[in-house]
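Now for the letters of each chain:
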Amino acid sequence: MTGSFWWDLVIGIVGALLLAWLALVIVLVILRPRGGLLGEALRVLPDALRLVRRLAADQTLPRGVRIRLGLLLVYLAVPIDLIPDFIPVLGYADDAIIAAVVLRSVVRRAGLQAVRAHWPGTDDGFAALARLTGLAEPTDTGRPDRTAG
């Protein structure tokens, strides 16, 4: 292309990274929550972060699940995102979308009850999390009924 091996290498690497980034953005747009789910994702994000930390520390869960959760925590902690935060709507949503995708895979591997046992928030928040991950919450959540008295 340019006649210089090093410039061709740099251009090739930058081009490959741009293509990979574009592919990831397209995947995020396709997987984004529909309707009001994006708002729910942002509402339960603080509880979801505590959930991820608790699940990552649980030694009873499979190693692959804990590794996924650890990588998610690293991604969320790093200030560089796939989609910059200044881009409207998707800028802040990429964290919520990636967290929902990872949690969905965790629920499929570890089970909804394991996730429920570590959930730090309200029952409504857990129901929103179950909707976000695309998994139906069982009618019996395993928690005592808080309305009984």
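The rules we used
Residues numbered from 1 in each chain as written. Predicted model: local features only at pLDDT ≥ 70, side-chain atom pairs only at ≥ 80, totals over all residues. Heavy atoms only, no water. Salt bridge = Lys/Arg side-chain N within 4 Å of Asp/Glu carboxyl O. Helix = DSSP H or I, 4+ residues; strand = E, 2+ residues; numbered from the N terminus. Buried < 20%, exposed > 50% of the residue type's maximum accessible area, 1.4 Å probe, protein only. Core = buried A, V, L, I, M, F, W, Y, C linked by side-chain atoms within 4.5 Å. Contact = heavy atoms within 4.5 Å. 1 Å grid on protein atoms, 1.4 Å probe; cavity = no way out; pocket = protein on both sides within 12 Å on 5 of 7 lines; lining within 4 Å. Points joined across faces, edges and corners; volume = space filled by probe spheres on them. Lys, Arg positive; Asp, Glu negative; His and termini not counted. Phe/Tyr/Trp six-rings, centres within 6.5 Å; stacked < 30°, edge-to-face > 60°. Lys NZ or Arg CZ within 6 Å of the ring centre and 35° of its normal.

> Even after reading the chapter, I still don't get the pattern of salt bridges, so can you show me in this structure?
For side chains bearing opposite charge, pairing can occur when the charged atoms are close. All told, the structure shown has two salt bridges when counted by the stated rule. Between arginine 50 and aspartate 47 there is a salt bridge, with the nearest N and O atoms lying 2.2 Å from each other. Of this pair, arginine 50 and aspartate 47 are both found in helix 2 (residues 37-57), three residues apart, which corresponds to roughly one turn of the helix. Owing to a relative accessible area of 32%, arginine 50 belongs among the partly exposed residues under this scheme. The shortest N-O distance in the salt bridge between arginine 116 and aspartate 123 comes to 2.3 Å. Taking relative accessible area as the criterion, arginine 116 reaches 2% and is therefore assigned buried.

> What's the story with the nonpolar core in this structure? I'm lost.
The nonpolar side chains of a soluble globular protein tend to be buried with one another. One finds Leu51, Leu55, Leu69, Leu103, Val106, Val115 and Leu129 to be the most contacted residues of the largest nonpolar core, which totals 26 residues. Those elements giving two or more residues to this core turn out to be helix 2, helix 3 (63-77), helix 4 (90-110), helix 5 (112-118) and helix 6 (123-132). The leading source of residues in this core is helix 4, at six residues. Setting aside residues no more than four positions away along its own chain, leucine 55 makes contact with Leu61, Arg66, Leu69, Val106, Ala114, Val115 and His118.

> Where do I start with empty space enclosed by the protein in this structure?
In total, this model carries one cavity of 30 Å³ or more according to the counting rule given. Volume-wise, the largest cavity comes out at about 70 Å³. Only helix 2, helix 4 and helix 6 provide two or more residues apiece to the lining of the largest cavity.

> Can you help me understand the side chain of aspartate 58 in this one?
Tracing the chain through its elements places aspartate 58 in the loop between helix 2 and helix 3. It is arginine 66 that comes nearest to the buried, bridge-free aspartate 58 among opposite-charge side chains, at 6.9 Å. Apart from the residues within four sequence positions on either side, aspartate 58 is in contact with Arg66 and His118.

> For this particular structure, what's the right way to read the packing of aromatic side chains?
One pair of aromatic rings is described through two measures. These are the centre distance and the angle between the planes. Evaluation of the coordinates by the stated rule reveals two aromatic pairs. Between the aromatic rings of phenylalanine 5 and tryptophan 6, the centroid separation amounts to 5.0 Å while the plane-to-plane angle is 75°, which identifies the pairing as edge-to-face. The same class applies to phenylalanine 5 and to tryptophan 6, which are both exposed. Lying over the aromatic face of phenylalanine 126, arginine 116 brings its terminal NZ or CZ to 4.4 Å of the ring centre.

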